[in-house]
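Here is how the chains run, residue by residue.
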Amino acid sequence: MRLSIRNVSKKYANGVQALENVSLDIPPGMYGLLGPNGAGKSTLMRTLATLQEPDAGQLLLGDIDVLNQKDAVRQTLGYLPQEFGVYPKASAEELLDYFAVLKGLTDRAQRRATTEALFRQTNLWDKRQQKLGGYSGGMRQRFGVAVALLGNPRLLIVDEPTAGLDPAERVRFLNLLSELGENSIVILSTHIVADVAELCTNMAIINKGRILLEASPLGAVAAL
Ligand code: ADP
Ligand code: ADP
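Calculation rules
Residues numbered from 1 in each chain as written. Chains lettered and ligands numbered in written order. Predicted model: local features only at pLDDT ≥ 70, side-chain atom pairs only at ≥ 80, totals over all residues. Heavy atoms only, no water. Axes fitted to C-alpha atoms, helices over the stretch in contact; angles between N-to-C directions. Helix = DSSP H or I, 4+ residues; strand = E, 2+ residues; numbered from the N terminus. Parallel < 35°, antiparallel > 145°, perpendicular 65-115°, else oblique. Left-handed = near helix turned anticlockwise from the far one by under 90°. Contact = heavy atoms within 4.5 Å. Nonpolar A, V, L, I, M, F, W, Y, C, P; charged D, E, K, R; others polar. Near = heavy atom within 4 Å. Polar contact = N/O pair within 3.5 Å; in protein donor to acceptor, adjacent residues only side chain to side chain. Areas by Shrake-Rupley, 256 points an atom, 1.4 Å probe, with all protein chains shown as cover. Phe/Tyr/Trp six-rings, centres within 6.5 Å; stacked < 30°, edge-to-face > 60°. Buried < 20%, exposed > 50% of the residue type's maximum accessible area, 1.4 Å probe, protein only.

**Regarding the packing of helix α3 (residues 92-102) against helix α5 (residues 137-149)**
Then, number 1: It is at 9 Å that the axes of α3 and α5 come closest, and there the two elements cross at 25°. Taken together, the axis directions place α3 and α5 in an arrangement best described as roughly parallel. As for the relative orientation of α3 and α5, their crossing is right-handed in sense. Facing α3, whose interface residues are A92, L95, L96 and F99, α5 presents F143, A146 and V147.
Then, number 2: In terms of residue class, the contact of α3 with α5 is built from seven nonpolar, no polar and no charged.

Given below as structure tokens:
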């Protein structure tokens, strides 16, 4: 399954052309979307996550027409926004269980098995009873991944995930993403060249709403 982005444009009411005729062909694996602040990355990520409408263009996830079949795409989509807001007074365990209910996992035993697997996968099993307010930035991001993975998405969208992480947390987080890229499409939006160079099998560079380059990262980084 591939994600095809075709001629997507978006102009905000204030006149900013955030995306201009963006077309990308995204295969399974880790895909890097690299660009400076204000390039249009979040606008594209929110559009892919069906949270905002473009003015023009088409998005195809396999044979799902994303803009016209939002319910279908939401069933197979995970989205980790730039700032993952959580309730600081809830424990991770309570909150993940709650999100699982919202995802439609109504069977208690099944929910327990699913959330345990996700806590183990994100290395938070020992920390599951702590309140989110006491989590570090890296732990919060990994918790965000656990939430995004409820429902086994085939497309995972991660917007600027390493901002604010210390080096050890960053490596741990990126390794987690690269494991996920083995079974699905993972799109990593970032302004950090190294995030893309180290992990992504394919990439694009975006600036001022336009795609400047599509490549496999080693070649692209050499060209910079
Ligand atoms: P990035 O994620 O690469 O930093 P964004 O997609 O957030 O880029 O922003 C692209 C451009 O669109 C920027 O100039 C930004 O200020 C503008 N922008 C983003 N969101 C809005 C909005 N809701 N209304 C108006 N302008 C916006
Ligand atoms: P990014 O860091 O990706 O550029 P921001 O943190 O600037 O995104 O944007 C945070 C929120 O503010 C988003 O919901 C975005 O849509 C909105 N926003 C960003 N830029 C503008 C803008 N120029 N005018 C109005 N809203 C904006």
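**Some thoughts on the site of ligand 1**
Then, number 1: As a matter of local geometry, ligand 1 sits amid 13 residues, with G38, G40, K41, S42 and T43 nearest to it.
Then, number 2: Y12 has a polar side-chain atom sitting 3.5 Å from a nitrogen atom of ligand 1.
Then, number 3: The backbone of S42 places a nitrogen or oxygen atom 2.7 Å from an oxygen atom of ligand 1.
Then, number 4: Expressed as a share of its isolated accessible area of 550 Å², the protein-covered part of ligand 1 is 65%.

**Some points on the packing of aromatic side chains**
Then, number 1: With the rule as written, the count across this model stands at three aromatic pairs.
Then, number 2: Measuring from ring centre to ring centre gives 6.0 Å for Y98 and F99, while their planes differ by 50°; the resulting arrangement is tilted.
Then, number 3: Their ring planes at 85° and their centres at 6.4 Å tell us that Y135 and F143 sit as a pair that is edge-to-face. Across this residue pair, the class does not change: Y135 and F143 are buried.
Then, number 4: Following the ring pairs from residue to residue traces out a cluster consisting of F119, Y135 and F143.

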